[in-house]
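# Coordinate analysis (summary)
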Amino acid sequence: SNIDYLIQLGDVYFENSDMQKSRDVYSKAKTIDTSNTKADEGLLAVNLLEGNLKASTDFTKNNASFDLARFCNTRAISLTANKKFGQAEKLYTNTIEIMGSSSDVYKVLFNLGLCMKKSGQIQMALKYFVQCQDSAPQTFIRAKEQIAYLQKQKSA
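So, a few notes on the structure that sits alongside this text. Bear in mind the structure is a predicted one, so any value in this text is a computation, not a measurement.

Turning to the overall build of the protein, a few remarks are in order. A count of helices and strands for the protein gives nine helices and zero strands. Secondary structure elements in the protein, listed N-terminal to C-terminal, are α-α-α-α-α-α-α-α-α. Since a compact globule built from 156 residues should have a radius of gyration of about 15 Å, the 17 Å found for the protein is in line with a globular shape. Classification of the 156 residues of the protein by burial places 44% in the buried group. Here the contacts in the protein between residues at least 6 apart in sequence split such that 52% fall between residues at least 24 apart. When the accessible surface of the protein is totalled, it reaches about 8500 Å², and 50% of it is carbon and sulfur.

Now the structure itself:
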């Protein structure tokens, strides 16, 4: 359908770092179907990447059941896979900023650490893994494992 095409086109523009075209296409989809959640999510991704934290915060407040950590990780993992590490980092850090003291922030920090590790920025990866470990439940050991691995790599 026209809406599905617009959403896919917005996603393509997003993946290709053309935020203005992405915003325009998602907005057009919203004018056609004001309740379209995929268009909302596309606009949220653009706002997060561009640093429009007020619009992003407003969206999450109006959609209390929305899983921001999962959403951010899905979008940023895609950017990381396409080697757009700077954009992924920006998406992660802006998401962390609006998450505040959410109990899920460690999930975003962990994936941010993985992004930095994949980009070769080991010191930054370590920083984010330590922050993740500090905010994660004690049963979450994956950050500790990454820290140990990276420290071993650094000393080798």
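Now that the structure has been shown, the text picks up again.
So, about the pattern of salt bridges. Evaluated as defined, the whole model comprises seven salt bridges. For the salt bridge of Asp11 with Arg75, the shortest nitrogen-to-oxygen distance reads 3.3 Å. Taken together, the residues span a long stretch of sequence, with Asp11 in helix α1 (residues 2-15) and Arg75 in helix α5 (residues 68-81) at a distance of 64 residues. Take Asp11: its relative accessible area is 28%, and that puts it in the partly exposed class. A relative accessible area of 13% places Arg75 in the buried class. For Glu50, the salt bridge goes to Arg23, with nearest N and O atoms at 2.1 Å. One end of the pair, Glu50, is in helix α3 (residues 37-50); the other, Arg23, is in helix α2 (residues 19-32), and 27 residues separate them in sequence. For Glu50, a relative accessible area of 42% corresponds to the partly exposed category.

Conventions and cut-offs
- Residues numbered from 1 in each chain as written.
- Predicted model: local features only at pLDDT ≥ 70, side-chain atom pairs only at ≥ 80, totals over all residues.
- Heavy atoms only, no water.
- Helix = DSSP H or I, 4+ residues; strand = E, 2+ residues; numbered from the N terminus.
- Rg over C-alpha atoms; globule rule 2.2 N^0.38 Å.
- Buried < 20%, exposed > 50% of the residue type's maximum accessible area, 1.4 Å probe, protein only.
- Contact = heavy atoms within 4.5 Å.
- Areas by Shrake-Rupley, 256 points an atom, 1.4 Å probe, with all protein chains shown as cover.
- Salt bridge = Lys/Arg side-chain N within 4 Å of Asp/Glu carboxyl O.

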